[in-house]
Amino acid sequence: MFATTLEVNAQLQCSAGNKCPESAPCCSEFGFCGIGRFCLGGCNPLLSHAPNSCAPNPICQTMTYDFKDTKKFIDSGSYNGETKYDFTTEGQPIFSNGIVLLTMAKNTPGTRLSTTRYTQYGRITARLKTSRTQGIVTAFITMSNIKDEIDWEWVGHKLDQGQSNYFYRGHIDYKNGDTHTLNSGDTFNTFHDYTIDWQENQIQWFIDGKLVRTLNKKDTFNETSGTYSYPSTPSRVQLSIWNGGEGAAGTKEWAGGQTNWDSPDVKLPGYFYVQVQSLDIKCYGPQVSDVPGQSQLTSFIYGASGNISVSNANTVVQVATPQSQGVAQDAGNNVNLMSNFTGQYIANLKASGSSRLVIATSIMMITVSISMLLSILEQL
């Protein structure tokens, strides 16, 4: 008779009514409490033990990224807040001749790139070719720690169009989305420039330099709350590929149906893919100074009510194993690297158009205690 002992590591969860405890003070982007890397990109200051539990966020730097220097990329499970890296990665990016492929093989969650620096207003352009085939979703978005979000998204069965959207602090409103048809080519075979021009009072979306949509802040005023439902907080830029065709019914319908893993696009290379040629970020708000002798600002910091200040605080955190979690936070065992890490909001078309679903992430991690198993075997 063989016995196996399983060590179940239930993660502490955080929400509006359940902030993180002092022992595990940081609420990660996926809603789990911890220390170390939990306090980095995506750490929600409003759900953490205190706003300053989260690490300061590196401020914007005007730059064009061409994906030639792979030393500027680091797996999110190894990142500690250093700004010598341009991007954190999850999944399997592949670099070739200045282009990065965001790949998704069968039974994997896909690939995501996130800038390590945060932009608060700016002009952001991604030059890319989307993936293709029903069920496959390509995304180019800005995402803040408190879920302000601006989107470009593409579903793989509609290669003649892209979808724009925005969210305020994670609030779901179907009226915010729109669809835009390309003037030439398609999204898979032809590189196109997709732009988000994010200003304090206006957001504009462009395709190949042509304006396709304008959102004015004044039009987002919510009379009930007395606030503007307008994205305004510092955000990372993220590029990703993920599987909508194997999600909930509404997600699957929006993405075009069940993912076809027999498609020629995946058969030959072994994965679906997005090709990204460049990412250009022009900062409009606080940014790294290139003026010699000028005081260097380094980071954004949140206050108790979500207000933002700019400081020269250090963005690096000490990475350690939190006693409350019991699992080492290394690249192979990082609870932030859950399946379906993209965290995109997906239309639930069967919910009468009034709600959206957030891709669920696992809340349990299970590890086999080898030493315990060997001990049991020795007694048999």
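The coordinates are above.
Residues numbered from 1 in each chain as written. Predicted model: local features only at pLDDT ≥ 70, side-chain atom pairs only at ≥ 80, totals over all residues. Heavy atoms only, no water.

Which residues make up the sheet that holds strand β24 (residues 308–311), and what values do they have?
The three strands are arranged β4-β23-β24 in an open sheet whose pairing can be described as antiparallel. Here the strands that pair on one side only, and so sit at the sheet edges, are β4 (57–58) and β24. Where strand β23 (residues 299–302) lies against β24, four bridges are found, and the strand directions are antiparallel. Across the sheet, residue Y302 finds its bridge partner in β24, namely I308. (Pairing = 2+ DSSP bridges. Helix = DSSP H or I, 4+ residues; strand = E, 2+ residues; numbered from the N terminus.)

Could you give an account of the side chain of R213, with specific residues and numbers?
Mapped onto the elements, R213 comes out in strand β18 (residues 210–216). Buried and unpaired, R213 has D178 as its nearest opposite-charge partner, separated by 4.5 Å. Here N176 takes part through its backbone oxygen, which lies 2.7 Å from a polar atom of the side chain of R213. (Buried < 20%, exposed > 50% of the residue type's maximum accessible area, 1.4 Å probe, protein only. Lys, Arg positive; Asp, Glu negative; His and termini not counted. Salt bridge = Lys/Arg side-chain N within 4 Å of Asp/Glu carboxyl O. Polar contact = N/O pair within 3.5 Å; in protein donor to acceptor, adjacent residues only side chain to side chain.)

Describe the nonpolar core, listing the residues and the values that go with them.
The biggest cluster of nonpolar side chains holds 39 residues, and the ones touching the most others in it are F140 and L279. The set of elements that each furnish at least two residues to this core consists of β9 (99–104), β11 (122–129), β12 (136–144), β13 (149–155), β16 (192–199), β17 (202–207), β21 (235–243) and β22 (272–283). If one sorts the elements of this core by residue count, β22 sits on top with six residues. Membership of the second largest hydrophobic core comes to eight residues, among which are I141, M143, W254 and A255. (Core = buried A, V, L, I, M, F, W, Y, C linked by side-chain atoms within 4.5 Å.)

I'd like a description of the packing of aromatic side chains, backed by residues and values.
Considering all chains together, one arrives at 14 aromatic pairs under this definition. Centroid distance W261 to F272: 5.2 Å. Interplanar angle 55°. Geometry classified as tilted. Of this pair, W261 sits in the loop between α1 (249–255) and α2 (264–267) while F272 is found in strand β22, placing the two residues 11 residues apart along the sequence. The rings of Y65, F67, F73, F87 and F95 are connected pair by pair, giving a single aromatic cluster. For R123, the ring lying beneath its charged end belongs to F206, and the centroid distance is 4.5 Å. The ring of W205 has R213 lying over it, and the distance from NZ or CZ to the ring centre is 4.6 Å. (Phe/Tyr/Trp six-rings, centres within 6.5 Å; stacked < 30°, edge-to-face > 60°. Lys NZ or Arg CZ within 6 Å of the ring centre and 35° of its normal.)

Mind laying out empty space enclosed by the protein, listing which residues take part and the relevant values?
This structure, assessed with the given rule, holds three cavities of 30 Å³ or more. Computed from the structure, the largest cavity encloses a volume of approximately 250 Å³. L40, G41, Y79, T88 and R236 are, among the 23 residues lining the largest cavity, the residues nearest its centre. Of the residues belonging to the lining of the largest cavity, the class tally is eight nonpolar, 10 polar and five charged. (1 Å grid on protein atoms, 1.4 Å probe; cavity = no way out; pocket = protein on both sides within 12 Å on 5 of 7 lines; lining within 4 Å. Points joined across faces, edges and corners; volume = space filled by probe spheres on them. Nonpolar A, V, L, I, M, F, W, Y, C, P; charged D, E, K, R; others polar.)

Describe unusual backbone geometry, with residues and values.
Among all residues save glycine, negative phi is the norm, and among peptide bonds the norm is trans. The backbone of F67 sits at a positive phi, close to 65°, despite the residue not being glycine. With phi around 80°, Y121 is a residue other than glycine that occupies positive phi space. Take Y121: it is sitting in the loop between β10 (111–115) and β11. Among the residues examined, Y121 registers a relative accessible area of 13% and is labelled buried.

Please set out the state of the cysteines residue by residue, giving values where relevant.
All chains considered together, the criterion is met by five disulfides. One disulfide bridge connects C14 with C27, the sulfur atoms lying 2.1 Å from each other. Between C14 and C27, the S-S dihedral sits near 85°, and the bridge is therefore right-handed. Taken together, the residues span a long stretch of sequence, with C14 in the loop between β1 (6–10) and β2 (26–27) and C27 in strand β2 at a distance of 13 residues. In this structure, C14 and C27 share a single accessibility class: buried. (Disulfide = S-S within 2.5 Å.)

An account of the sheet that holds strand β15 (residues 178–181) is requested, with residue identities and associated values reported.
Ordered in space as β6-β7-β10-β21-β12-β13-β14-β15, the eight strands form an open sheet in which the pairing is mixed. The open sheet has two edge strands with one neighbour each: β6 (73–75) and β15. Taken over all neighbouring pairs, the strand axes of this sheet differ in orientation by 20° on average, direction set aside. As paired strands, β12 and β13 are joined by seven bridges and run antiparallel to one another. The residue bridging V137 from the neighbouring strand is V155, located in β13. (Axes fitted to C-alpha atoms, helices over the stretch in contact; angles between N-to-C directions.)

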